[in-house]
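Structural overview
Listed below, chain by chain, are the residues.
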Amino acid sequence: MGKGTRALFLALIAIAAAVGTAAVTLLVLREAPAPAVAGLGGAFSLTDQDGKRVTEADFRGRYMLIFFGFTNCPDVCPMTLQRIADALDVAPALKSKLTPVLVSVDPERDTPAALKSYVAAFGPEFRGLTGSPDEIAAMLKAYKVYAKKVPLDGSALGYTMDHSALIYLYGPDGAFVTAYDPALDPPALAARLQETIK
Ligand code: NI
């Protein structure tokens, strides 16, 4: 391992420990050479739940609390989004500095209209982002998020999406800040967010 590689490796281990999951380690180690953690994220060009084109620049000056999921998800996505909504109810002052965002990993089914009614159920501050399959693929790659279509035999849905379920915090400058375990209860998530967002 070179010096830079070793430093990166240690940083990744620290993040994996912080979020309490092996998923990040596995995901990043699979993709050598991995980018510096500070390089996570970056430009995107997507469509919001109102059909408006948006880029990362539209969120500058605010924290983005990003969850990557899809509206047909039976369990993890709605539970996690509800925890985020509940955390923001625990600490409503966060809403002035942070935007909770659902980025669809299922752009084929998640039209802006589908996202609009879905995110509205969690609160008016939620934004839903979708795009063409290529636009979503580009964002997932830049943000190092895993998502894969899995056929569902005998289901009217046809397929589900296997996807990583961490909650990502990006700063007002667009830089990666940290990731949270989606199983954190709302008071714990609110406390962690308040530690970081002053
Ligand atoms: Ni899900």
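Right, let's walk through the structure included here.

All right, on to the overall build of the protein then. For the protein, the helix and strand inventory stands at six helices and nine strands. Per-residue burial for the protein yields a buried fraction of 33% across its 198 residues. Contacts spanning at least 24 positions in sequence make up 67% of the contacts within the protein whose residues lie at least 6 apart.

As paired strands, strand 1 (residues 45-48) and strand 2 (residues 53-55) are joined by three bridges and run antiparallel to one another. Following the sheet pairing, Leu 46 is matched in strand 2 by Val 54. Between the end of strand 1 and the start of strand 2, which pair antiparallel, lie four residues, with Gly 51 showing a positive phi angle near 85°. Two strands pair when backbone bridges link them, and strand 1 and strand 5 (residues 127-130) are joined in this way by two bridges, in the antiparallel orientation. Bridging from a neighbouring strand, Thr 47 pairs with Thr 130 of strand 5.

Attention shifts here to the sheet that holds strand 3 (residues 63-69). The sheet built from seven strands is open, its strands ordered 2-1-5-4-3-8-9 with mixed pairing. The strands lining the two open edges of the sheet, one partner per strand, are strand 2 and strand 9 (176-180). Strand-to-strand twist of the sheet, defined as the mean angle between neighbouring strand axes without regard to direction, takes the value 35°. Sheet topology places strand 8 (residues 167-170) next to strand 9; four bridges connect them, and they run antiparallel. Bridge pairing in strand 9 places Tyr 170 opposite Phe 176. In the packing of helix 4 (residues 112-120) onto the sheet, the strands contacted are strand 1, strand 4 (98-104) and strand 5, and the crossing angle to strand 5 comes to about 155°.

Right, let's talk about the environment of His 163 for a bit. Topologically, His 163 is positioned in strand 7 (residues 159-163). With 16 residues separating them in the primary sequence, His 163 and Ala 147 have C-alpha atoms 4.1 Å apart. Setting aside residues no more than four positions away along its own chain, His 163 makes contact with Phe 68, Gly 69, Val 105, Tyr 146 and Ala 147.

This part covers the pairing of strand 8. Consecutive residues of a regular strand have side chains that alternate between opposite faces of the sheet. As paired elements, strand 3 and strand 8 share four bridges and run antiparallel to each other. Residue pairing in the sheet places Leu 65 in a bridge with Leu 169 of strand 8. Here strand 8 hands over to strand 9 after five residues, with Gly 174 in that stretch at a positive phi of 90°.

The next point concerns the nonpolar core. The tendency in soluble globular proteins is for nonpolar side chains to be buried side by side. In this structure, Leu 65, Ile 66, Leu 102 and Ile 167 are the most contacted members of the largest nonpolar core, which totals 42 residues. Listed by contribution, the elements that provide at least two residues to this core are strand 3, helix 3 (76-90), strand 4, helix 4, helix 5 (133-142), strand 8, strand 9 and helix 6 (186-196). When residues no more than four places from it in sequence are discounted, the contact partners of Ile 167 are Leu 65, Phe 67, Thr 80, Ile 84, Ala 179, Tyr 180 and Pro 182.

Further remarks concern helix 4. Since there are 3.6 residues in each turn of an α-helix, residues three or four apart along the chain are aligned in direction. Taken residue by residue, helix 4 has Leu 115, Tyr 118 and Val 119 as its buried positions. Across the axial projection of helix 4, the buried residues extend over an arc of 90°, all falling on one side. Pointing more than 90 degrees away from the buried face of helix 4 are the exposed residues Ala 113, Ser 117 and Ala 120.

It is at 8 Å that the axes of helix 3 and helix 6 come closest, and there the two elements cross at 65°. Both helix 3 and helix 6 take part in a crossing whose hand is right-handed. Between helix 3 and helix 6, the contacting residues are Arg 83, Asp 86, Ala 87 and Val 90 on the first element and Pro 186, Pro 187, Leu 189, Ala 190 and Leu 193 on the second. Tallied by class, residues from the contact of helix 3 with helix 6 come to seven nonpolar, no polar and two charged.

Rules used in this analysis
- Residues numbered from 1 in each chain as written.
- Predicted model: local features only at pLDDT ≥ 70, side-chain atom pairs only at ≥ 80, totals over all residues.
- Helix = DSSP H or I, 4+ residues; strand = E, 2+ residues; numbered from the N terminus.
- Buried ≥ 20, exposed ≤ 12 C-beta atoms within 10 Å, placed from the backbone.
- Contact = placed C-beta atoms within 7 Å.
- Pairing = 2+ DSSP bridges.
- Axes fitted to C-alpha atoms, helices over the stretch in contact; angles between N-to-C directions.
- Core = buried A, V, L, I, M, F, W, Y, C linked by C-beta atoms within 7 Å.
- Arc of directions from axis to C-beta.
- Left-handed = near helix turned anticlockwise from the far one by under 90°.
- Nonpolar A, V, L, I, M, F, W, Y, C, P; charged D, E, K, R; others polar.

In short, geometric facts, not functional conclusions.
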